[in-house]
Structure formats: structure tokens, C-alpha cells
Amino acid sequence: MKKDLILKLEETHTLSHTEWLELLGDFTDEERDFAAERARELTERRFGRRIYFRGIIEFTNYCRNDCLYCGIRRSNGNAVRYRLTEEEILECCREGYGLGYRTFVLQGGEDAYFTDERLCGLIKRIKSDYPECAVTLSVGERSRESYEALYKSGADRYLLRHETANCLLYGKLHPAELSLSNRMRCLRDLKEIGFQTGAGMMIGAPFSTTETLAEDMEFLADFKPQMVGVGPFIPHKDTPFRDYPSGGEKLTLFVLSLVRLMLPDVLLPATTALGTVDGRGRQLGVLAGCNVVMPNLSPLSVRKKYLLYDGKTGVDSDAAEGLRILGKQMEEIGYEVFVGRGDFSEK
Ligand code: 5AD
């Protein structure tokens, strides 16, 4: 009985491998609704009907990596590369601050131009201009020393999806020079150093199975990240995975609810990818237990160049408009945009 497993997860925050397999295998809409309801109630008790907003600044699409799923992989010759200047990034923060954002997420490809020196300088400037704001980094794999320097400069949080906890699958999604063991090393370092740390995975990535998904859930249960990013895989036309189907919206929503039940305090975004596969995706995400949205603060001129997958939503509206649209979507389902840093805290 899946409902019993859902209740057990809510109560004990853990399941055995066999139980995960049973829960994640073919489920009905009714079972998914049941999980969403349990997750939604839990989220409301814990956070109220408040959704944290994070402004994401996609500051470079140069990337040294060649992940098979990603539109900004280095071997995509069709990607038009750009890199924002420090002044342009600060201008995004200024605009975002005016709109009410108190968290800035700096996301980019793994761009060698952004040495520790440059990134640390940037973080210090943002933190001195906006001392009450949180800075989240999402700039991939770096050395422990580098993470330490970034933390010392004032960065508060770090997003690095583990992508998959299964070694074989990791190898099918990534080029040979990347390894799951280094990914895990990075995640451990980040958490030890003191970052509020985010892990996560794509749902329905090529070659993923119920088995690999169960392993992801077990990894998350064990690692206990403060944030979890989960969205559907969406193909990009200039990647080797162009002909694979998008990951299912229903499975994504089910997994989001289960993540909430497993990690009650987690900061869980309704992702842009979820909003891309369905215009109502982010509303459904919130109704399934999400409590964060991350609207785009990047300059309009570069939006269409930061495409990890095709059809990305939000590339045509500027920061103010994007926030207004999302705010309205949240209001429609009875939630409000919460202005504040929205740090992780344990109940
Ligand atoms: N579809 C969905 N998500 C993707 N990401 C990268 N490429 C895709 C894609 N084609 C996700 C990865 C990465 C995050 C920044 O975006 O999980 O960690």
C-alpha cells in the first residue's frame, strides 16, 4: 500500500530501499494527490502560506564541462557565449533589491575567467552594498580551498545538484573527466565549510530508472541538504540527448512531495524547468510541497543565451514583469510572496 508508505515516510522521514522502489514504481493520480496533500499540509504548518523568492542572475554561460544533457556544454558551438561584467551583475542586484529580493543567486557555467579572486571580490561588493541579503552561488565543482575562500568572502549558500547518486548513470550523463566521487567530495566540503547546501537531480533523465531514483532519495535522506533542486529533464536540440523525451511532470511532482515529507525543513524550489513543461507547473509544485521560487534577474539581453534546455519559460519578461507574473500565480492559489532572506532553519 503506497499510502501507508507515504504516511510512514511522513512519520519516520526514512524508508528502506525496497520501500522506495515500491513507492516510486507505478503510482496512481490518487496516490500522487495523497502525497501532495500530506506534503502541502506539512509545508503550511512549517512555513505558512509563504513562498520565498530568490533572484537568479545567470552571469556567464561559458562552461568547461561537456555534460550530455546541458545546452551550454562546451562542445555546443551554437551557444552564443556571454559573461556579465561586475557592474552589470551589481546592476541586477540593485534592480532586484528594489523589487524586494533579499537573496541573490549567482549561477553560471564553470567559467575559468571567474577565478577565486574575481568571485570573492564580487561577493564582497554585493555583501557590502546589501548587507541584509543572502548570496547563493551555483558555479559548479571547485577545490575545497576555493569554497573556503568564497565562504569567507561572505557567500551564504551553494547549489550543486548531485545529478544522480548512481555511479553508472553518472557516467552516462557526463563526460569521462567528471566523476560522482568528486561531486560528492564537493558537496561534503560545502556542507562542512558551513554553506547552506543544495543538492538535487533531474527527473526522467535518459537512462534513469526507478532504481536510480530510489538511490537519489536515499542519498538525500542521508546527506540532508538544506535545499533540494528537483526538476524534469528537458531535451536541448544541440545536445546528444536531443531526441530523448522530457521527464514526466507527474513523477516530478510526486518526487517533490516525497522530498518534503522526508526533509520537512528543506527549502524546496518549484523550478523553472517545472514551469517550462507546464504553464501551471510552479503552482502545482507549491501545491505539492515546494516553498521557494527563483525568478530570473538576468538582463533581458542575455536570457535567451542561458538555455540549459529548450523552451525555457520567462525569457521574454524583464525582472519586474517576471516577478509580477509569478506573484500573481502564487496569489491565485492562496499563497504570498515573502520578502526576506528565508534562511534554512530546523524546527
Ligand atoms: N533539463 C533539465 N535540467 C537541466 N539542467 C541542465 N540541463 C538540463 C536539462 N536539459 C539542470 C542540471 C543542473 C542545473 C543547473 O540545471 O541539473 O545542475
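The coordinates are above.
Everything numeric in this text was worked out from a predicted model, so none of it was measured. (Residues numbered from 1 in each chain as written. Predicted model: local features only at pLDDT ≥ 70, side-chain atom pairs only at ≥ 80, totals over all residues. Heavy atoms only, no water.)

## Regarding the packing of helix 4 (residues 86-99) against helix 5 (residues 116-129)
To keep it simple, the criterion reads: Note on geometry: axes are lines fitted to C-alpha atoms, helical ones only across the stretch in contact, with angles between N-to-C directions running from 0 to 180 degrees. In this description a helix means any DSSP run of H or I spanning at least four residues, a strand means any run of E spanning at least two, and both kinds are numbered starting from the N terminus. Working rule for angles: under 35 degrees goes down as roughly parallel, over 145 as roughly antiparallel, 65 to 115 as roughly perpendicular, anything else as oblique. Two helices that cross are described as forming a left-handed crossing if the nearer one is turned anticlockwise from the farther one by less than a right angle, and a right-handed crossing if clockwise. Should any heavy atoms of two residues lie within 4.5 Å, those residues are counted as being in contact. Any residue outside Ala, Val, Leu, Ile, Met, Phe, Trp, Tyr, Cys, Pro, Asp, Glu, Lys and Arg is labelled polar, Gly included; the first ten of those are nonpolar and the last four are charged.
Packing of helix 4 against helix 5 leaves a shortest axis separation of 11 Å and a crossing angle of 30°. Relative to helix 5, helix 4 is oriented roughly parallel. In the crossing of helix 4 with helix 5, the sense of the turn from one axis to the other is right-handed. Contacts from Glu-86, Glu-87, Ile-89, Leu-90 and Cys-93 in helix 4 reach Leu-122, Arg-125, Ile-126 and Asp-129 in helix 5. Here the contact of helix 4 with helix 5 is composed, by residue class, of five nonpolar, no polar and four charged.

## Re the sheet that holds strand 2 (residues 55-60)
The test is simple: DSSP-based pairing: two strands are paired if at least 2 bridges between them are found.
Here six strands make up an open sheet; going across it, the order is 2-3-4-5-6-7 and the pairing parallel. Each edge of the open sheet carries a strand with a single partner, namely strand 2 and strand 7 (227-232). The sheet shows a mean angle of 20° between the axes of neighbouring strands, taken without regard to direction. Pairing analysis gives five bridges linking strand 2 to strand 3 (residues 103-108), with the strands arranged parallel. Bridging from a neighbouring strand, Ile-57 pairs with Leu-106 of strand 3. In this fold helix 10 (residues 249-262) packs onto strand 6 (196-203) and strand 7, with an angle of close to 165° to the strand it touches most, strand 7.

## Some details on the packing of aromatic side chains
For clarity, the cut-off: Geometry of aromatic contacts follows a simple scheme: Phe, Tyr and Trp rings, the Trp one being its six-membered ring, pair when their centres are within 6.5 Å, and the pair is stacked under 30 degrees between planes, edge-to-face over 60, tilted otherwise. Relative accessibility under 20% of the residue-type maximum defines a buried residue, over 50% an exposed one, and the middle range a partly exposed one, all with a 1.4 Å probe and only protein chains included. Note on geometry: a ring has a charge over it if NZ (lysine) or CZ (arginine) is within 6 Å of the ring centre and within 35 degrees of the ring normal.
Tallying each qualifying case throughout the model produces 15 aromatic pairs. With 5.8 Å between their ring centres and 70° between their planes, Phe-104 and Tyr-130 make a pair best called edge-to-face. Pair noted here: Phe-104 is in strand 3 and Tyr-130 is in the loop between helix 5 and strand 4 (134-138), with a separation of 26 residues, a long-range link. Using a relative accessible area of 11% as the deciding quantity, one classes Tyr-130 as buried. Seen from their ring centres, Phe-219 and Phe-223 are 5.4 Å apart, and the 15° between their planes marks the pair as stacked. Of this pair, Phe-219 and Phe-223 are both found in helix 9 (residues 210-223), four residues apart, which corresponds to roughly one turn of the helix. According to the relative accessible area criterion, Phe-219 is buried, its value standing at 12%. Judged by its relative accessible area of 10%, Phe-223 is buried. Counting every residue linked through ring pairs, the aromatic cluster contains Tyr-147, Tyr-151, Tyr-158 and Phe-195. Positioned over the ring face of Phe-34 is Lys-3, at 5.2 Å from the centre of the ring. Arg-83 extends its terminal NZ or CZ atom over the ring of Tyr-62, reaching a point 4.2 Å from the ring centre.

## Details of the pattern of salt bridges
Worth spelling out the cut-off: For salt bridges, the criterion is a side-chain nitrogen of Lys or Arg within 4 Å of an Asp or Glu carboxyl oxygen.
Scanning the model with the defined rule gives 32 salt bridges in all. Of the charged contacts, one joins Glu-192 and Arg-144 as a salt bridge, the two residues approaching to 2.9 Å between their closest N and O atoms. Note that Glu-192 is positioned in helix 8 (residues 180-193) and Arg-144 in helix 6 (residues 144-152), a separation of 48 residues in sequence. Take Glu-192: its relative accessible area is 56%, and that puts it in the exposed class. Within this structure, Lys-127, Asp-156, Arg-157, Arg-341 and Asp-343 form a network of salt bridges that share partners.

## Description of the layout of surface pockets
As a reminder, the rule being used: The method works on a 1 Å grid over the protein atoms by themselves. A cavity is a set of points holding a 1.4 Å probe that cannot get out, a pocket is an open set with protein on both sides within 12 Å along at least five of seven lines, and residues with an atom within 4 Å of a point line them. Grid points are joined across faces, edges and corners, and a volume is the space filled by probe spheres set on the points.
Put simply, the second largest pocket is a space of about 240 Å³. Residues belonging to the lining of the second largest pocket are distributed by class as follows: seven nonpolar, two polar and four charged.

## Overview of the site of the ligand
Rules: Here a residue counts as near a molecule or strand whenever at least one of its heavy atoms sits within 4 Å of it. N or O atoms closer than or at 3.5 Å make up a polar contact, with two conditions inside protein: a donor-capable atom paired with an acceptor-capable one, and, for residues adjacent in sequence, both atoms drawn from side chains. For the area figures, the Shrake-Rupley method with a 1.4 Å probe applies, and any residue is considered shielded solely by the protein chains shown.
The local shell around the ligand consists of Tyr-69, Cys-70, Gln-107, Arg-161, Glu-163, Met-202, Pro-232, Phe-233, Ile-234, Leu-308 and Tyr-309. The contact in question runs from an oxygen atom of the ligand to an N or O atom on the side chain of Glu-163, over 2.5 Å. With the chains in place, 87% of the 400 Å² that the ligand exposes on its own is no longer accessible. Taken together, the residues of the shell around the ligand break down into eight nonpolar, one polar and two charged.

## Overview of the packing of helix 1 (residues 2-12) against helix 3 (residues 29-47)
Running from N to C, helix 1 and helix 3 cross one another at 20°; their axes reach a closest spacing of 10 Å. As far as their axial angle goes, helix 3 and helix 1 are roughly parallel. Helix 3 is crossed by helix 1, and the crossing has right-handed handedness. Between helix 1, through Lys-2, Lys-3, Ile-6, Leu-7 and Glu-10, and helix 3, the contact on the second element is made entirely by Glu-30, Glu-31, Phe-34, Ala-35, Arg-38 and Arg-45.

## Side note on unusual backbone geometry
With a phi angle near 70°, Phe-207 is a residue other than glycine that sits in the positive phi range. Relative to the helices and strands, Phe-207 resides in the loop between strand 6 and helix 9. Of the residues examined, Phe-207 reaches a relative accessible area of 39% and is grouped as partly exposed.

## Remarks on the side chain of Glu-10
Here Glu-10 shows up in helix 1. A distance of 2.9 Å separates a polar atom in the side chain of Glu-10 from a polar atom in the side chain of Arg-38. Excluding anything up to four places from it in sequence, Glu-10 contacts Arg-38, Arg-45 and Leu-261.

## Observations regarding the nonpolar core
Put simply, the rule reads: Here, nonpolar core means buried Ala, Val, Leu, Ile, Met, Phe, Trp, Tyr and Cys residues that are tied together by side-chain atoms lying within 4.5 Å of each other.
Counting residues in each nonpolar core, the largest one holds 99 residues, and the members touching the most others are Trp-20, Ile-57 and Leu-258. The element contributing the most residues to this core is helix 10, with eight residues. Setting aside residues up to four positions removed in sequence, Ile-57 forms contacts with Leu-84, Ile-89, Cys-92, Cys-93, Phe-104, Val-105, Leu-106, Gln-107, Leu-297 and Ser-298. Of all hydrophobic cores here, the second largest spans nine residues; its members include Tyr-52, Leu-267, Val-292 and Met-294.

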